[in-house]
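A closer look at the structure
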Amino acid sequence: QVQLVESGGGLVQPGGSLRLSCAASGFTFSMYAMSWYRQAPGKERESVANISRGGGSTNYADSVKGRFTISRDNAKNTVYLQMITLKPEDTAVYYCNARRVVFGSRWDYWGQGTQVTVSS
C-alpha cells in the first residue's frame, strides 16, 4: 500500500524556518521524482520544488528560490523541504508528490498534506 506521510508543518513567525519531511512506503522510492506542492486558501495547488530520482537535479518556483531547499535520502525513502526566511505568503498546506513517467504511462502519488502557517 502506497503511503506518503508529511510532517514538520506548524506555526512559525515571519523570518523563521521549518523543515518538512515526507516518508514514503509501498513503492520503489528511488525510481520516482519527488516534488513539494502547496495550496493556499482560495488558490490553486502550485509546484514549489522538485528533485530528480537520484537527487542530482532540482527545480524551484521563483517565489521560493534562495529560501527553500529540496533534498532526498533514498536510503531512508524520505524527501525534505528546508524552508528559511518564511513569509506570510508561504502559508499553505504543503503536499508531497511522487511521480514516475515511463513511455507515456504515469504514476502519481500524493500525501495528505501538512499545514504551514507563517504569522506573527
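The structure we're discussing is the one just above.
To start, this report covers the structure provided alongside it. (Residues numbered from 1 in each chain as written. Predicted model: local features only at pLDDT ≥ 70, side-chain atom pairs only at ≥ 80, totals over all residues. Heavy atoms only, no water.)

Here the focus is the overall build of the chain. When its secondary structure is counted, the chain shows zero helices and eleven strands. Taken over the C-alpha trace, the chain has a radius of gyration of 14 Å; the compact-globule value for 120 residues is 14 Å, and the two agree within 12%. When its C-alpha atoms are laid out on the principal axes, the chain stretches across 45 × 25 × 25 Å. Within the span of the chain, comprising 120 residues, buried residues form 37% of the whole. For the chain, contacts bridging at least 24 residues in sequence account for 54% of all contacts bridging at least 6. Accessible surface for the chain amounts to roughly 6400 Å². Of this, 47% is attributable to carbon and sulfur atoms. Within the chain, the 8 negative side-chain charges are centred at a point lying 6 Å from the centre of the 13 positive side-chain charges. (Helix = DSSP H or I, 4+ residues; strand = E, 2+ residues; numbered from the N terminus. Rg over C-alpha atoms; globule rule 2.2 N^0.38 Å. Buried < 20%, exposed > 50% of the residue type's maximum accessible area, 1.4 Å probe, protein only. Contact = heavy atoms within 4.5 Å. Areas by Shrake-Rupley, 256 points an atom, 1.4 Å probe, with all protein chains shown as cover. Lys, Arg positive; Asp, Glu negative; His and termini not counted. Charge placed at Lys NZ, Arg CZ, Asp CG, Glu CD.)

The buried fraction of strand 4 (residues 33-39) amounts to five of the seven residues, a majority that puts the element mostly inside the structure. Taken together, the seven bridges between strand 4 and strand 9 (residues 92-102) define a ladder with antiparallel strand orientation. Looking at the pairing, methionine 34 lines up with alanine 98 of strand 9. Here five bridges tie strand 4 to strand 5 (residues 46-51), and the two strands are oriented antiparallel to one another. When the bridges of strand 5 are listed, methionine 34 appears paired with isoleucine 51. In this antiparallel pair of consecutive strands, strand 4 and strand 5, the connection spans six residues, and glycine 42 shows a positive phi of 75 degrees. (Pairing = 2+ DSSP bridges.)

Time to look at the side chain of serine 21. Its location among the elements puts serine 21 in strand 3 (residues 18-25). Take serine 21: its relative accessible area is 18%, and that puts it in the buried class. Beyond its immediate stretch of four places on either side in the chain, serine 21 contacts Val5, Glu6, Ser7, Trp36, Thr78, Val79 and Tyr80.

Spatial strand order, 1-3-8-7: four strands in an open sheet with antiparallel pairing. Two strands in the sheet have a free side with no partner beyond their single neighbour: strand 1 (3-7) and strand 7 (68-73). The mean inter-strand angle of the sheet, taken between neighbouring strand axes irrespective of direction, is 15 degrees. Two strands pair when backbone bridges link them, and strand 7 and strand 8 (residues 78-83) are joined in this way by six bridges, in the antiparallel orientation. In the sheet register, aspartate 73 faces strand 8, and the bridge partner there is threonine 78. (Axes fitted to C-alpha atoms, helices over the stretch in contact; angles between N-to-C directions.)

Before going further, it helps to spend a moment on the pairing of strand 11 (residues 114-118). Consecutive residues of a regular strand have side chains that alternate between opposite faces of the sheet. Because side chains alternate across strand 11, one face comprises the buried residues Thr114, Val116 and Val118, and the other comprises Gln115 and Thr117, none of which is buried. Sheet analysis places strand 9 next to strand 11, joined by three bridges and oriented antiparallel. Within the sheet, the bridge partner assigned to alanine 92 lies in strand 11 and is valine 116.

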